[in-house]
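In case you want the letters, here they are:
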Amino acid sequence: MTRADFDWDNLRYFLAVARSGRLTAAARVLGQDHTTVSRRIAALEAAFGSPLFERQPQGYRLTKAGTQLLSFAENIERTTIRAAKELSGASAAISGSVRIGAPDGFGGSFLGPRLGRIVERHPDLQVELIAMPRVFSLSKREADIAIGLNCPKEGRLYARKLTDYRLVLYAAPSYVAAHGLPQSVAELQQHRLIGYADEYIFSPELDYLPLISPGLKARIRSSNLIAQLHATIAGAGICVLPCFMAAPYPDLVHVLPGQVALDRTFWLITHADLHDVAWVKAAGDFIAEMVQAERGLFMPG
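Model, not experiment: these values are computed from the prediction. (Residues numbered from 1 in each chain as written. Predicted model: local features only at pLDDT ≥ 70, side-chain atom pairs only at ≥ 80, totals over all residues. Heavy atoms only, no water.)

A. Structural context of the pattern of salt bridges. Taken as a whole, this structure holds 16 salt bridges when the rule is applied. A salt bridge links Asp-7 to Arg-40; the shortest N-O distance between them is 3.6 Å. One end of the pair, Asp-7, is in the segment before α1 (10–20); the other, Arg-40, is in helix α3 (residues 34–48), with 33 residues separating them in the sequence. Residue classification places Asp-7 among the partly exposed residues on the basis of a relative accessible area of 37%. Exposure remark for Arg-40: the relative accessible area of 21% places this residue in the partly exposed category. In this structure, Glu-45 engages Arg-55 in a salt bridge whose closest nitrogen and oxygen atoms are separated by 2.9 Å. Taken as a pair, Glu-45 in helix α3 and Arg-55 in strand β1 (residues 53–56) lie far apart in primary sequence, ten residues in all. Looking at Glu-45, the relative accessible area reads 11%, which means it is buried. (Salt bridge = Lys/Arg side-chain N within 4 Å of Asp/Glu carboxyl O. Helix = DSSP H or I, 4+ residues; strand = E, 2+ residues; numbered from the N terminus. Buried < 20%, exposed > 50% of the residue type's maximum accessible area, 1.4 Å probe, protein only.)

B. Representation of the packing of aromatic side chains in the model. Under the criterion given, the structure shown has twelve aromatic pairs. Taken together, a centroid distance of 4.8 Å and an interplanar angle of 55° make the contact between Phe-106 and Phe-266 tilted. Here Phe-106, found in helix α5 (residues 104–111), pairs with Phe-266, found in strand β11 (residues 262–271); they are 160 residues apart in sequence, far enough to count as distant. The burial state of Phe-106 is the same as that of Phe-266; both residues are buried. Considering the side-chain rings of Phe-110 and Phe-298, the 5.0 Å spacing of their centres and the 65° angle between planes classify their relative orientation as edge-to-face. In this pair, Phe-110 sits in helix α5 while Phe-298 sits in helix α12 (residues 295–298), placing the two residues 188 residues apart along the sequence. (Phe/Tyr/Trp six-rings, centres within 6.5 Å; stacked < 30°, edge-to-face > 60°.)

C. Region of the structure containing empty space enclosed by the protein. Within this structure, the stated rule accounts for one cavity of 30 Å³ or more. Looking at the largest cavity, its volume works out to about 90 Å³. Lining the largest cavity we find 14 residues, and of these Pro-103, Tyr-165, Tyr-196, Leu-206 and Leu-225 sit closest to its centre. A class-by-class count of the residues in the lining of the largest cavity yields twelve nonpolar, one polar and one charged. (1 Å grid on protein atoms, 1.4 Å probe; cavity = no way out; pocket = protein on both sides within 12 Å on 5 of 7 lines; lining within 4 Å. Points joined across faces, edges and corners; volume = space filled by probe spheres on them. Nonpolar A, V, L, I, M, F, W, Y, C, P; charged D, E, K, R; others polar.)

D. Focus on the environment of Ser-184. Tracing the sequence through the fold places Ser-184 in the loop between α7 (173–179) and β7 (193–196). Ser-184 gets classed as partly exposed once you look at its relative accessible area, which sits at 24%. Taking the C-alpha atoms as reference, Ser-184 lies 47 Å from Val-280; in sequence the two are 96 residues apart. Here Ser-184 is in contact with Leu-256 and Gln-259, once residues within four sequence places are set aside. (Contact = heavy atoms within 4.5 Å.)

E. Quick look at the environment of Glu-142. Here Glu-142 is to be found in the loop between β4 (124–131) and β5 (145–148). As for Glu-142 and Ala-26, which are separated by 116 residues in sequence, their C-alpha atoms are 8.7 Å apart. For Glu-142, the contacting residues outside a window of four places in its chain are Val-29, Arg-99, Arg-134, Val-135, Phe-136 and Ser-137. Within the local environment of Glu-142, its side chain forms a polar contact with the backbone nitrogen of Ser-137, the two atoms lying 2.8 Å apart. (Polar contact = N/O pair within 3.5 Å; in protein donor to acceptor, adjacent residues only side chain to side chain.)

F. View of the pairing of β1. Pairing analysis gives four bridges linking β1 to strand β2 (residues 59–62), with the strands arranged antiparallel. Bridging across to β2, Glu-54 finds its partner in Arg-61. The hairpin turn running from β1 into β2, its antiparallel successor, is two residues long. (Pairing = 2+ DSSP bridges.)

G. Fine view of the environment of Pro-133. Mapped onto the secondary structure, Pro-133 falls in the loop between β4 and β5. Pro-133 sits in the partly exposed class, given a relative accessible area of 24%. Sequence separation between Pro-133 and Ser-174 is 41 residues; the distance between their C-alpha atoms is 28 Å.

H. Just the layout of surface pockets, in detail. Taken as a whole, the largest pocket encloses approximately 890 Å³ of empty space. Lining the largest pocket are 28 residues; nearest its centre among them are Arg-12, Leu-30, Glu-77, Arg-141 and Asp-144. If you list the elements that add at least two residues to the lining of the largest pocket, you get α1, α2 (23–30), α4 (64–89), β3 (95–102) and α11 (278–293). Of all the elements, α4 adds the most residues to the lining of the largest pocket, at six residues. Tallied by class, residues from the lining of the largest pocket come to 16 nonpolar, four polar and eight charged.

All we've got here are geometric facts, nothing functional implied.
Here you go:
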């Protein structure tokens, strides 16, 4: 292999496939289509003259050569990140691209409307927000910053507490007019509830209804908290919602005040390799700053 045969950028594609095990998942991480990822892997294999992956129905598995390359590629990645840290520290300007993975409720309702402020502060910074109901793997580089519902106990991760937040029951005036309000937790069994589809509860912290009353079930279910919010606004039923999401809709009725309230925590998590990279740190500090400035949204009163 000559230098002309080798494209260093293909190592990014190799790492993404090695970590995810699938072309489609790697393509999402890289912001490319899967055919581009496949072409890059093929070019890398041609340059080395050896297959790097076994193509199997369940995904891509590293060959012996691929396992050897993985160690070298990760060393190159760490060296590149260290260089970025030192070089970015030499300049006051913040530039680069940062990907933020967040639950759909926090990402869509709180963070999304405020992202314009960070690029006003740092005009050379590019921000990508992935707001989905899922856990993001920082070791697989699915995000540079993840907003999590619990503090990680293992892995090369740094976590800081963003804020506690409160969830209560809400209903629309139209639902209350048609069905009345429960006067006790026991009466919730007689009402139409909105909640998560069981198989899409991606964290135990989201399994609210059994904590309110054993056996309590949602009749309208969604994997997406924003969908649950809009179903509630439309009068479909009673729903457990974070106060910060309900705040822009003052007509929503607080159901069973003083009887039902759940507190949870948001954590800001970064990988050890990235937590002090200038543009990642700037984005993380921005998120923490915005949350603290509006902490009354998260814990009213």
